Amino acid sequence: MTIQTWNITFVGDYFSLVTTVEVEPEDYSPEIDPKDFDALEEVAIDLAKNILSHHYGWDMEKVATVEITGERETWL
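Structure report, in brief. It should be emphasised that the depicted structure is a prediction, and the values quoted were computed from it without experimental measurement.

### Examining the packing of aromatic side chains
Evaluation of the coordinates by the stated rule reveals two aromatic pairs. Relative to Phe-37, the ring of Trp-6 has its centre 5.3 Å away and its plane inclined at 40 degrees; by these criteria the two rings are tilted. Here Trp-6 is found in strand E1 (residues 4-11), whereas its partner Phe-37 is found in helix H1 (residues 37-56), with 31 residues between them in sequence. Using a relative accessible area of 36% as the deciding quantity, one classes Phe-37 as partly exposed. Centroid distance Tyr-56 to Trp-58: 4.4 Å. Interplanar angle 15 degrees. Geometry classified as stacked.

### Quick notes on the pairing of strand E2 (residues 16-23)
Side chains Leu-17, Thr-19, Val-21 and Val-23 of E2 all project onto a buried face; the interleaved residues Ser-16, Val-18, Thr-20 and Glu-22 project onto a face where none is buried. With eight bridges joining them, E1 and E2 adopt antiparallel strand pairing. Bridge assignment links Val-11 to a residue of E2, and that residue is Ser-16. Where E1 folds back on E2, the antiparallel hairpin that results is connected by four residues.

### Regarding the pattern of salt bridges
Tallying each qualifying case throughout the model produces two salt bridges. A salt bridge links Lys-49 to Asp-46; the nearest nitrogen and oxygen atoms lie 4.0 Å apart. One end of the pair, Lys-49, and the other, Asp-46, are both in helix H1, three residues apart, so they sit about a helical turn from each other. We classify Lys-49 as buried; its relative accessible area is 17%.

Each value, and the rule that gives it
- Residues numbered from 1 in each chain as written.
- Predicted model: local features only at pLDDT ≥ 70, side-chain atom pairs only at ≥ 80, totals over all residues.
- Heavy atoms only, no water.
- Phe/Tyr/Trp six-rings, centres within 6.5 Å; stacked < 30°, edge-to-face > 60°.
- Helix = DSSP H or I, 4+ residues; strand = E, 2+ residues; numbered from the N terminus.
- Buried < 20%, exposed > 50% of the residue type's maximum accessible area, 1.4 Å probe, protein only.
- Pairing = 2+ DSSP bridges.
- Salt bridge = Lys/Arg side-chain N within 4 Å of Asp/Glu carboxyl O.

Structure follows, in structure tokens:
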């Protein structure tokens, strides 16, 4: 399988934050179809939330009150 690059956008009342994550096949469970865009987007969003939480201590679910979206950048 291939690595996917995703841009994840978190939007709150007074900010927007974009971070990039690379999703590898081992980042999601075998039950997820690699062609299911919505499921892969959710994996990428969860990965971004976990990275920001671990590195900065930010709870993006709590502060991104307007929108959280993912956009696949490329297939490598």
